[in-house]
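Residue-level structure breakdown
Listed below, chain by chain, are the residues.
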Amino acid sequence: MKGASEMTEFIRERLEDGKHRQYGQEPVSELVHALQCATLAEDEGADDELVVAALLHDFGRLVVEDGDLSDSVGGGSWTPPKHGDHGELGAEQLHEYFSDRILFCIRNHAEAKRYLCTAEPEYFARLSKGSVVTLEKQGGKMDEEERATFESSPYCADVVRLRRWDDRGKVPGAEAKSLDHWMAKVEQQIRTDR
Ligand SMILES: [Fe+2]
């Protein structure tokens, strides 16, 4: 297990690397997407725990190799993990260091999309073509049982809020606070007693 400051540095390094990575097919980088999501969360009055979850929700995308940039990933003794579900992967990378609430939101932000598509027909109707394709890969709409299980989580409302910031945080040039601002909050949320 890394110490708190070592972990903070690892997170900062991965987020900074996201500057060079495009956020899927969207016109912003992974870093800009993370900064915008955290900013939307804070602007909406979310507490620091949820703000940090918003910043780190796609962390799993930042710990895998990214096409031509693979040479720049890692270094030292760190080996990037294999591709997998990026929510799961992000939560796995961070699980010793953050609260259950933060980890749940990171792990389940794609599930929240499936949930919203099921619970809100107008949400589904607004999905882009690309997003409908990924929805299918993510398991499509939820069935009754999955929906009930999802709704029974104490963090259901949190991850649904996060999902809406996730959907909005991809506007080129939109205002967002700096990585330094958010890293101070990350540091406060890191726990080494888990
Ligand atoms: Fe995202």
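Fair warning: this is a prediction, and the values are worked out from it, not measured in the lab. (Residues numbered from 1 in each chain as written. Predicted model: local features only at pLDDT ≥ 70, side-chain atom pairs only at ≥ 80, totals over all residues. Heavy atoms only, no water.)

A word on the side chain of Lys185. Summarising the element assignment, Lys185 is placed in helix α12 (residues 179-189). Among the residues examined, Lys185 registers a relative accessible area of 14% and is labelled buried. Here the side chain of Lys185 touches Asp48 through a polar contact of 3.3 Å, side chain to side chain. Setting aside anything within four residues of it in sequence, one finds Lys185 in contact with Glu42, Asp48, Val51 and Val52. (Helix = DSSP H or I, 4+ residues; strand = E, 2+ residues; numbered from the N terminus. Buried < 20%, exposed > 50% of the residue type's maximum accessible area, 1.4 Å probe, protein only. Polar contact = N/O pair within 3.5 Å; in protein donor to acceptor, adjacent residues only side chain to side chain. Contact = heavy atoms within 4.5 Å.)

Turning next to the coordination of the iron ion. Octahedral metals with six donors have ideal donor angles of 90 or 180 degrees. Tetrahedral metals with four donors have an ideal donor angle of 109.5 degrees. Looking at the iron ion, one finds its protein donor set to be Tyr23 (OH), His33 (NE2), His57 (NE2), Asp58 (OD) and Asp166 (OD), positioned 2.1 to 2.5 Å from the metal centre. With a relative accessible area of 11%, Tyr23 lands in the buried category. Residue classification places His33 among the buried positions, given a relative accessible area of 0%. (Donors = N, O, S within 2.8 Å, 3.2 Å for Na, K, Ca; no water.)

What follows concerns the confidence of the model for the protein. Summary statistics for the protein give a mean pLDDT of 90 and a share of 90% for residues scoring 70 or more. Of the regions scoring below 50 in pLDDT, residues 67-78 engages in 16 contacts with residues more than four places distant in sequence or in other chains. (pLDDT = per-residue confidence, 0-100.)

In this section: the nonpolar core. By size, the foremost hydrophobic cluster in this structure holds 52 residues, and its most contacted members are Ile11, Leu15, Leu55, Leu56, Leu94 and Phe98. Those residues in contact with Leu94 that sit more than four places away from it in its chain are Met7, Ile11, Leu56, Phe59, Leu103 and Ile106. (Core = buried A, V, L, I, M, F, W, Y, C linked by side-chain atoms within 4.5 Å.)

A few words on the environment of Glu111. On the secondary structure map, Glu111 appears in helix α7 (residues 109-119). Apart from the residues within four sequence positions on either side, Glu111 is in contact with Gln138, Met142 and Phe150.

For the rest of this paragraph, the subject is helix α1 (residues 4-17). Taking 1.5 Å of rise per residue, the 14 residues of α1 would be expected to cover 20 Å, and the 20 Å separating its terminal C-alpha atoms lies within 8% of that figure. Taken together, the buried positions of α1 are occupied by Met7, Thr8, Phe10, Ile11, Arg12, Arg14, Leu15 and Asp17. Its buried side turned inward, α1 meets α2 (30-43), α3 (48-56), α4 (59-62), α5 (86-94) and α12. (Expected span 1.5 Å × (residues − 1).)

Here we take up α2. Helix length check: α2, at 14 residues, gives a terminal C-alpha distance of 20 Å against a target of 20 Å (1.5 Å per residue), a fit within 8%. Of all 14 residues that make up α2, 11 are buried, and the element is covered over most of its length. Of all the residues in α2, the buried ones are Glu30, Leu31, His33, Ala34, Leu35, Gln36, Cys37, Ala38, Thr39, Leu40 and Ala41. Contact partners of the buried residues in α2: α1, α3, α4, α11 (156-168) and α12. In the segment just after α2, Gly45 is the residue with positive phi, at about 85°.

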